[in-house]
Structure formats: C-alpha cells, structure tokens
Amino acid sequence: MDNITKLLFFDIDGTLAYAGSTPLPSTLEALTKARKNGCKIFLSTGRPDRLIPPAIEALKPDGGIYSAGAKIIYDGTSLYDRPMTNEEMNDIISILDQYKLPYCLEAAYASYEKGMDILDNQEDSAFLNSELRRLIDMRTSFISGSRPVSAYVDDPVYKITFMSPDMDTILSVKEALGDQVTFVWFPMPRNELNILNGEISLKGIDKGVALLKICDHLGLTKDDCIAFGDSMNDAAMLKTAGIGVAMGNADAATKAVADRVCEDCDQDGIAKELTRLGLV
C-alpha cells in the first residue's frame, strides 16, 4: 500500500461546486497539490455514479461513495453495492403515495419521477401552486435520463428522494417508515418556498458507514480521514471522519455537527481549508 497522507472526502453539490457550476480553479489546484502530497481524493455524494458532472469526473478521483453510501468504488473496483429489493422499495413507495408526495427512484440506469402527475391529478394536494410546479419541473429536467415512474421495470434502486411542503409531513413520513431505513431531510437549496427535501436509504447505509468501509479496505482509520460537506446528508460523514468540515454555505444544523467551518464553496473554501490543514 502506498504511503497515504490523508483520505479526503468531498460532497459534490454545494461543496466542490454549486449544482450546475464547475469547481473553482483554486479548488482544482488545491486537490492537485493534495494528491501530490500523498492524499487520496474521494467523491461522497447522494448522486448515483451515472450522474457525476464531467467537470467533477475530470478531477479523476481515486474512488467514490455514491447514492449516499449504497455504492462504493475504489480504483475502478466495486467495494460495495446494495440496491433495494422490490419489497423494500415498494414499502417506501406506499407510504409516500399515502401522503401524495412527489418522489424520485434513483436507480442504476435512470431516475423515475412521480411528481407532476400528482399535482395534475390531486386537486387537494398541498403542492398545488404554480411556483412549486415550476420548481418540480426544473428539478425533473435537471436529472438526466428522468422517466415517469410508470416506466420503471427491474432497474436497481439505490435511494429514494421526495419533497415535502412542511415539517409536519416530514415527521409523519419518518414515523411511518420507522427504523428500517436511513432517513435524512433538509431544505432544498436556493428555493424561496421553504420546500423540504427527504432522502431515504436502507438502514445501515450512509456516507459515514461508507467512509469506514473504505478505511477498512485500505487498512486505515477514521482519524486518517477529512470530510467536506454542506448538508445534513453529509452529517454522518462529517461526524465519522477524523475531521469534519462544513462549508460556509452549509445549513446551521450541518455546521453544528462539524469540527470546523470553512468559507463558502464559491469563495475558495476548500483551498483555504486544505491550506490551513497543511495539506497543500
């Protein structure tokens, strides 16, 4: 095994760059220097591996945690791959349908959305307003390969995301799901409607557990890890790593579980923090 200085884990959206943007030149330079100084670079994202932006792929990471920990790859080799069974998936869907919530099945080959059809067919839906229609339409168009959930056939599903109009609904869904899943919620970024985003993974799957699996594979410990994130779906990773760094643009709850807070992702946060940590 090569002499490794540190394992560096980076969320993508809101951490390496805002969604739809490319990493800053300072970020690219800092990661290049960190790698030359013996660090291994890992992505750690809720995205499936098929939806990594080209600008992020260009970083040539040493490995990645995908679908919030349901899939792990190191040096081109799969270390972990755990999609939901049909029974597990359908149990979750039945609860989301009960509350008439828009959701997305994030699968191996496509994303399957149930959103606009709920708005069109349920006049009593809490989501029935033009601004939210626009928000969901934008979200659907952002997801490459999006299909209606009615088109779903035998495509391994790793994670299910949904949107909620209020905190009471989030808490009701969480209670209905029980302790058989990993449940994370947070405000959707950059929206003025205070819509909440929920992410559902299988029990025992999160970015922190995935980080430890990589450590075990490399014969290292969590103290050899530094993780960067901006949202509560990064919380388990930030708490597990030897050093957890929240971005300046992170929500307050995420900052509260981190060891350190750096500048925003569009204000050289990663480069400045890696410099302070003596890695570049």
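In case you missed it, the structure is sitting above this.
Definitions and cut-offs
- Residues numbered from 1 in each chain as written.
- Predicted model: local features only at pLDDT ≥ 70, side-chain atom pairs only at ≥ 80, totals over all residues.
- Heavy atoms only, no water.
- 1 Å grid on protein atoms, 1.4 Å probe; cavity = no way out; pocket = protein on both sides within 12 Å on 5 of 7 lines; lining within 4 Å.
- Points joined across faces, edges and corners; volume = space filled by probe spheres on them.
- Helix = DSSP H or I, 4+ residues; strand = E, 2+ residues; numbered from the N terminus.
- Nonpolar A, V, L, I, M, F, W, Y, C, P; charged D, E, K, R; others polar.
- Salt bridge = Lys/Arg side-chain N within 4 Å of Asp/Glu carboxyl O.
- Buried < 20%, exposed > 50% of the residue type's maximum accessible area, 1.4 Å probe, protein only.

Draft legend 1. Region of the structure containing the layout of surface pockets. Approximately 260 Å³ is the volume attributed to the second largest pocket. Element by element, the count of residues in the lining of the second largest pocket is highest for strand S10 (residues 181-187), at six residues. Tallied by class, residues from the lining of the second largest pocket come to 11 nonpolar, three polar and five charged.

Draft legend 2. Up close: the pattern of salt bridges. Under the defined criterion, the tally for this structure stands at 13 salt bridges. Linking aspartate 234 and lysine 207 is a salt bridge whose minimum nitrogen-to-oxygen distance equals 2.5 Å. Placement of the pair is aspartate 234 in the loop between strand S12 (225-229) and helix H8 (235-240) and lysine 207 in helix H7 (residues 207-218), with a sequence separation of 27 residues. Judged by its relative accessible area of 0%, aspartate 234 is buried. Put simply, glutamate 263 and arginine 276 hold a salt bridge, and the shortest N to O gap is 2.9 Å. Taken together, the residues glutamate 263 in the loop between strand S14 (260-261) and helix H10 (269-276) and arginine 276 in helix H10 connect sequence positions 13 residues apart.

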